[in-house]
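Remarks on the overall topology
Below are the chains, spelled out letter by letter.
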Amino acid sequence: MEAVTSTTLNTRRIVIAGVLGAISILLGWTRLGYIPVPNLAANATIMHVPVIIGAVMEGWLVGAIIGLLFGLSSFALATIPLFKNPLVAIVPRIIIGITSYFAYVALKKNNEYLALVVAAIVGTLTNTILVLTLAGLLNYIPWELMPPILVTNALPEVIIAIILVVAVVTAWKRIETGSAKAKM
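The structure reproduced in this document is the subject of the present report. (Residues numbered from 1 in each chain as written. Predicted model: local features only at pLDDT ≥ 70, side-chain atom pairs only at ≥ 80, totals over all residues. Heavy atoms only, no water.)

A few points about the packing of aromatic side chains
Per the stated rule, a full pass over the model turns up one aromatic pair. Here Tyr 101 and Phe 102 contribute two aromatic rings whose centre-to-centre distance is 4.9 Å and whose plane-to-plane angle is 75°, an arrangement assigned as edge-to-face. Of the residues examined, Tyr 101 reaches a relative accessible area of 3% and is grouped as buried. For Phe 102, a relative accessible area of 47% corresponds to the partly exposed category. (Phe/Tyr/Trp six-rings, centres within 6.5 Å; stacked < 30°, edge-to-face > 60°. Buried < 20%, exposed > 50% of the residue type's maximum accessible area, 1.4 Å probe, protein only.)

Printed below as a string of structure tokens:
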């Protein structure tokens, strides 16, 4: 198998980007990817999780492609003005795949589980912090409301992302190795 650090798009990477991108789009389209929270943003999301999984499993380029698909669907399905802005809807989602991949790579040789947890945290916070920063800079949300939104969105998003990323990547590696235990 090719090294994960490769930036080439082979058939496997294209298929994985397409499948995980489709999952992210489906989560948005069906609204299953949104977690109602009591704040101005109205929802936390898990649609970034396929981006993180793709980045960890296949590299930053695949993660960025899945993030692009997530961002495009977020833009197309936007119900509030904040996400009708392509800068807010698309750019942070592309960056999720890049930051989560490099966080994972930095730690995976020492502790694979820790690397997955950190990648989930970094990817989730990349999305939340960049979206909120752009929302503030573009005057969609007042800056004084950012701390409660950050806390109420980031906490459930991080917890769910950690659980899903560790579970899915561990299972995926078990399938790829054909063993009952993942090589982690």
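Some details on helix 5 (residues 112–137)
When the terminal C-alpha atoms of helix 5 are compared, their 37 Å separation across 26 residues agrees well with the 38 Å that a helix rising 1.5 Å per residue should span. Between a side-chain oxygen at the N-terminus of helix 5 and the backbone nitrogen of Tyr 113 the separation is 3.1 Å; the capping residue is Asn 111. Taken from the residues just after helix 5, Asn 139 is the one with a positive phi, measuring 60°. (Helix = DSSP H or I, 4+ residues; strand = E, 2+ residues; numbered from the N terminus. Expected span 1.5 Å × (residues − 1). Polar contact = N/O pair within 3.5 Å; in protein donor to acceptor, adjacent residues only side chain to side chain.)

Remarks on helix 4 (residues 86–107)
Compared with an ideal rise of 1.5 Å per residue, which puts 22 residues at 32 Å, helix 4 spans 32 Å between its outermost C-alpha atoms and is within 8% of the ideal. Turning to helix 4, its buried residues are Val 88, Ala 89, Ile 90, Pro 92, Arg 93, Ile 96, Gly 97, Ser 100, Tyr 101, Ala 103 and Tyr 104. N-cap assignment for helix 4: the residue whose side-chain oxygen lies 2.8 Å from the backbone N of Leu 87 is Asn 85.

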